[in-house]
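In case you want the letters, here they are:
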Amino acid sequence: DAQDTARWIDGMLRDGRWGSAYARWASGLDGAPARLPVPWNGDFGRAPSSSGFDWRVRRVPGVLFDRIETGEGRHAARLRFLGRPVADTGLEVPLLLAPGEHVLRLRARTEGLRSDQGLEWRLTCSDGRTRIASGARVREARDWAPLELAFTVPEGQGCEGQWLRLVNPAPRGVAQTLRGEVHYADIHVGT
């Protein structure tokens with residue numbers, strides 16, 4: 001069933017078999033286009049499944065996640081912050097990018113966001129040690145604002161797959177307190 005398959009794919013990711021995990025996950029997608037967007041579901045047209053190569057939403061104290069409509073049948077991810085210190089927002093997605101240059105593009109807006117340094121996207125290799133890039137930071141954007149982050153995926157062991165995570169770059173403690181909302185839409189990686 002779907003839960004067993006999700007556990008199997010997560011096991012392959014933990015074992016460093018990202019290519020096999022992606023192939024198994026992609027073969028189980030119903031009605032998917034021939035060329036899959038990166039990341040999958042970057043328009044949040046579907047509720048995140050928290051499995052495979054779809055968005056993962058982990059429970060984090062002080063953070064509420066939901067999917068909202070932005071108009072004309074389009075959707076966005078909404079994260080609401082309840083005034084607690086938050087380091088990692090719990091929103092992440094695994095990627096399978098080839099070595100080389102790429103650009104993360106997205107749109108963001110905020111509603112009453114109060115934070116010391118805003119929120120940023122962090123990309124790391126699957127080995128958990130190698131940071132590729134961080135940026136596309138949003139602090140205050142009342143209207144939809146385009147953001148970009150150019151990065152290079154290194155060649156070699158430990159970076160066969162990557163994790164894209166939304167994080168709070170502020171120093172630990174009270175500086176990480178977040179309040180208000182941030183919305184993200186149209187997230188994609190290209191060249």
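What counts, and where the lines are drawn
Throughout, residues of each chain are indexed from 1 in the direction in which the sequence is written. Since the coordinates come from a predicted model, pLDDT governs what is reported: local features require at least 70, and pairs of side-chain atoms require 80 or more to be given and counted, while whole-chain, interface and lining totals use all residues. With hydrogens and water set aside, each side-chain value is computed from the structure's full complement of heavy atoms. Think of it in three bands: residues with accessible area under 20% of the maximum for their type are buried, residues over 50% are exposed, and the middle band is partly exposed, with areas taken using a 1.4 Å probe on protein chains only. Helix and strand labels come from DSSP, where a helix needs a run of H or I of at least four residues and a strand needs a run of E of at least two; each type is numbered from the N terminus. Should DSSP find at least two bridges between two strands, the strands are regarded as paired. In summary, the pairing rule links any two rings of Phe, Tyr or Trp, Trp by its six-membered ring, whose centres are within 6.5 Å, and it sorts them by plane angle into stacked for under 30 degrees, edge-to-face for over 60 and tilted for everything else. Angles run from 0 to 180 degrees between N-to-C directions of axes, and those axes are lines fitted to C-alpha atoms, restricted for helices to the stretch in contact. The directions considered for the arc are those from the helix axis to the C-beta atoms. Should any heavy atoms of two residues lie within 4.5 Å, those residues are considered in contact. The criterion is simple. A nonpolar core is a set of buried Ala, Val, Leu, Ile, Met, Phe, Trp, Tyr and Cys residues joined through side-chain atoms within 4.5 Å.

**Quick notes on the pairing of strand β6 (residues 119–125)**
A large share of β6 lies buried, amounting to six of its seven residues. Here five bridges tie β6 to strand β7 (residues 131–138), and the two strands are oriented antiparallel to one another. Its bridge partner being in β7, W121 is matched across the sheet by G135. What sits between β6 and β7 in their antiparallel hairpin is a turn of five residues, with G128 showing a positive phi close to 80°. Direction of pairing for β6 relative to strand β9 (residues 162–167): antiparallel, over a ladder of six bridges. Directly across from W121, in β9, lies its bridge partner L166.

**A short note on the sheet that holds strand β1 (residues 56–57)**
The strand order β1-β4-β9-β6-β7 describes an open sheet built from five strands, whose pairing is antiparallel. If you trace the sheet from one side to the other, it starts and ends with β1 and β7, each paired once.

**Let's talk about the packing of aromatic side chains**
Tallied over the full model, the rule gives nine aromatic pairs. On the numbers, 5.9 Å between centres and 80° between planes, the contact of W25 with W40 is edge-to-face. With a gap of 15 residues between them, W25 in helix α2 (residues 18–27) and W40 in the loop between α2 and β1 connect regions that are remote in the sequence. The pair W25 / W40 is uniform in exposure class, with both members buried.

**A closer look at the sheet that holds strand β3 (residues 74–85)**
The sheet built from five strands is open, its strands ordered β2-β3-β10-β5-β8 with antiparallel pairing. Across the chains shown, the open sheet's two edge strands, defined by having one partner strand only, are β2 (63–71) and β8 (145–153). Taking the axes of each pair of neighbouring strands and ignoring which way they run, one obtains an average angle of 30° across the sheet. Relative to β8, strand β5 (residues 100–114) is paired through nine bridges, and the arrangement is antiparallel. In the strand pairing of β8, L104 is matched with L149.

**Describing α2**
Those residues of α2 not exposed but buried are W18, A21 and W25. For α2, the angular spread of buried residues about the axis comes to 60°, placing them on one side. Those residues of α2 that are buried lie in contact with α1 (2–14), β4 (88–95) and β9.

**So, the nonpolar core**
One finds L104, L106, W121, F151 and Y184 to be the most contacted residues of the largest nonpolar core, which totals 37 residues. For this core, the elements supplying multiple residues, two or more each, are β3, β4, β5, β6, β7, β8, β9 and β10 (177–190). Take this core: its biggest share by element is five residues, from β10. Those residues in contact with L104 that lie beyond four places of it in its chain are W121, L147, E148, L149, F151, L164, I187, H188 and V189. In this structure, M12, W25, L36 and W163 belong to the second largest nonpolar core, which totals 10 residues.

Purely geometric numbers; function is a separate question.
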